[in-house]
Structure formats: structure tokens, C-alpha cells
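Residue-level structural notes
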Amino acid sequence: VIADFGAQLMADPRSAAEMGRFSEKSGAIDSFSPIEEFVMNLFAGVETTVTTVLWVIDRLGANQKVQERIHDEIAGAKADTPFTDCFINETMRYFPPIPFLTREVSADTVIDGVALQAGQLIMLSIVGVHQHREFWENPRTFDASRKEFIDNSFDRRAFIPFLTGPRMCGGARLGRLEVEQAVRALVLQFVFRRTDDYIGSEHALAVRLVSGVSVTGLRAV
């Protein structure tokens, strides 16, 4: 896939120039491939955004009253949509598209009494942070009007759907905007209904709603 995509990139003078700029900026980073980096960011950005929108649709279909409230808020809003924003945040909290990740320890250190060695690989649980009882009330419950988001009182360290720190998603603001605009467009044009209570997921670049899930989209009246 990367080879085919790379061939298409290099066939266009403008994208070929960008790949050259990436290589120049990367300096002496070992094994750096500008094409692989570009492909990874492109597909990861698309996949996580689509995944989040799919989960939003699923949750809208599961609660008609919430869906009606969001529709009315978006249809009548001039600017702020606090309930819709809360609903999107809660979806990303409960169904983070990237539920866990690995990192390589860069230097020997000790965290909470646990010794970590340089070069060691560790796994970080995003969903574990998002459902930690120290930071969230009833964290295992999907709450469309979650108080922490409505009041803007949540701990920023405990809500990291785009990760955090130096390796935070570079397209976080764009990704969030894409999700918001997609939800606005869909809610104004369609009514979603879930036909069962089964919630299934499948793993790819992100954890998305399983194919064939029973959600129907009816054109709004």
C-alpha cells in the first residue's frame, strides 16, 4: 500500500517537493521515511475522525430524546452548542478511537515507585484514564449530559482522546472541527434509530463500530 501510494505522491511535482522537504527537516532521524510518515498521518487522521462520527451516530440512535435535543440546539444555534459539545466529548471519552498505545522509555526513571529502563516499551491505557473513578463520576456509564463537561470542570489530564504531550496528535483541532461539522450536518438531515442494544467493535487503525450494526438513518422531516 505504501509503495503504491508513494508512487502516486512522487508522480506529482508538488507532493514530491513536500516529501523532499520532510526528508530535509527530519535531519538525522534513523529510518525516517517521509512517505510512510505522510501515509500514517493521512490514514490515522481520516480513520479516527470517521470512527468518532460512527460512534456519535450509534449513540444518537440509542437515545431519541437526546437526539431531538441536539437537533433543536443545532438548528437554533447561532454559535455555542454546549449540549452537543458535551455529547461529542462524552462519546470520545467513552469510545476513544485509540484506546491504548505503546511508548519507548527514553531514559531510566521511576514513576510512582515503578522503575522504568531506557528502551523499555510500555503500554498506556487511554480508556483506563477516561474511565478512572478518581476523575469521573460513574465513569463506566455513558452520560449524554455529563456534568464534568457541561460545567467544564473535568481534569484535562484525564481526557486525552488526541493524546497529550510532545506526541499529541498534530491535527487535534482540525479533527475535532471535522467531527463537529459532520455531526451538525448529519443531525439536521437525518434521524437515527437503533434497532437493538448490541454494541460491537472491531479493531483496525482505530476501534470502530462493528460492521453491520443495527442503526438506521431516516431522512429528517
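Let me sum up the structure you'll find in this document. (Residues numbered from 1 in each chain as written. Predicted model: local features only at pLDDT ≥ 70, side-chain atom pairs only at ≥ 80, totals over all residues. Heavy atoms only, no water.)

1. With respect to the overall build of the protein chain
Here is the rule: The secondary structure listing takes helices from DSSP runs of H or I that are at least 4 residues long and strands from runs of E that are at least 2 residues long, numbered from the N terminus. The cut-offs for exposure are 20% and 50% of the maximum accessible area for each residue type, with area from a 1.4 Å probe on protein chains only; residues under the lower value are buried, those over the upper are exposed, and the others partly exposed. When checking whether two residues touch, look at their non-hydrogen atoms; a contact exists if any pair is within 4.5 Å. Under the counting rule used here, the positive set is Lys and Arg, the negative set is Asp and Glu, and His together with the chain ends is not counted. To locate a charge, take atom NZ for lysine, CZ for arginine, CG for aspartate or CD for glutamate.
For the protein chain, the helix and strand inventory stands at 8 helices and 8 strands. When its C-alpha atoms are laid out on the principal axes, the protein chain stretches across 55 × 55 × 35 Å. Looking at the protein chain as a whole, 32% of its 221 residues qualify as buried. Restricting the contact set of the protein chain to residue pairs at least 6 apart, pairs at least 24 apart contribute 61%. Taking the 23 positively charged and 29 negatively charged side chains of the protein chain as two groups, their mean positions are separated by 5 Å.

2. Re unusual backbone geometry
The phi torsion at Asn138 lies on the positive side, around 45°, for a residue other than glycine. Note that Asn138 resides in the loop between helix H6 (126–130) and helix H7 (147–150). You will see that Leu163, though not glycine, has its phi angle at about 65°, which is positive.

3. Quick look at a nonpolar patch on the surface
Filter applied, for reference: By definition, no residue in a patch forms a salt bridge, and every one has over 30% relative accessible area; like charges are joined within 9 Å, nonpolar side chains (Val, Leu, Ile, Met, Phe, Trp, Tyr) within 5 Å. Accessible surface is estimated by sampling points in the Shrake-Rupley manner with a 1.4 Å probe; for residues, cover comes only from the protein chains shown. Criterion for a salt bridge: a side-chain nitrogen of Lys or Arg within 4 Å of a carboxyl oxygen of Asp or Glu.
On the surface, Val1, Leu42, Phe43, Val46, Val50 and Leu205 cluster together to form a nonpolar patch covering roughly 550 Å² of accessible area. With respect to the helices and strands, Val46 occurs in helix H3 (residues 34–62).

4. Focus: the nonpolar core
A general feature of soluble globular proteins is that nonpolar side chains tend to end up buried together. Selection criterion: What we call a nonpolar core is a set of buried Ala, Val, Leu, Ile, Met, Phe, Trp, Tyr and Cys residues that are connected through their side-chain atoms within 4.5 Å.
Counting residues in each nonpolar core, the largest one holds 22 residues, and the members touching the most others are Leu60, Ile70 and Phe87. Every element with two or more residues in this core is listed here: H3, helix H4 (64–76), helix H5 (82–94) and helix H8 (172–189). With 5 residues, H5 is the single largest residue contributor to this core. Phe87 has contacts with Val56, Arg59, Leu60, Val66, Ile70, Phe142 and Ala144, leaving out every residue within four places of it along the chain.

5. Examining the pattern of salt bridges
Summed over all chains, the structure comprises 9 salt bridges. We note a salt bridge from Asp12 to Arg14, for which the minimum N-O separation is 3.5 Å. Linking Glu18 and Arg21 is a salt bridge whose minimum nitrogen-to-oxygen distance equals 3.0 Å. On the criterion of helical spacing, the pair formed by Glu18 and Arg21 is a turn pair, its members being 3 residues apart in helix H2 (residues 13–26). Using a relative accessible area of 33% as the deciding quantity, one classes Glu18 as partly exposed. Within the structure, one salt-bridge network assembled from shared partners comprises Glu90, Arg93, Arg146 and Glu148.

6. Some remarks on empty space enclosed by the protein
Inclusion rule: Detection works on a 1 Å grid of protein atoms alone, calling trapped sets that fit a 1.4 Å probe cavities and calling open sets with protein on both sides within 12 Å along at least five of seven lines pockets, with lining residues defined by an atom within 4 Å of a point. Grid points are joined across faces, edges and corners, and a volume is the space filled by probe spheres set on the points.
Under the counting rule described, the total for this entry stands at 1 cavity of 30 Å³ or more. Estimates place the volume of the largest cavity at around 30 Å³. For the largest cavity, the full set of lining residues is Thr81, Thr84, Asp85, Ile88, Glu180 and Arg184. Secondary structure elements with two or more residues in the lining of the largest cavity: H5 and H8. With 3 residues, the top contributor of residues to the lining of the largest cavity is H5.

7. Digging into the packing of helix H1 (residues 2–11) against H2
Worth spelling out the cut-off: Throughout, an axis means a line fitted to C-alpha atoms (over the contacting stretch in the case of helices), and angles, computed between N-to-C directions, take values from 0 to 180 degrees. Orientation categories follow fixed angle ranges, with anything under 35 degrees roughly parallel, anything over 145 roughly antiparallel, 65 to 115 roughly perpendicular, and all other angles oblique. Ten residues, namely Ala, Val, Leu, Ile, Met, Phe, Trp, Tyr, Cys and Pro, are considered nonpolar, four, namely Asp, Glu, Lys and Arg, are considered charged, and the remaining ones, Gly among them, are considered polar.
It is at 5 Å that the axes of H1 and H2 come closest, and there the two elements cross at 110°. Overall, the two elements H1 and H2 adopt an arrangement that is roughly perpendicular. From H1, Leu9, Met10 and Ala11 reach across to H2, where they touch Pro13, Ser15, Ala16 and Met19. Of the residues assigned to the contact of H1 with H2, the class counts are 6 nonpolar, 1 polar and no charged.

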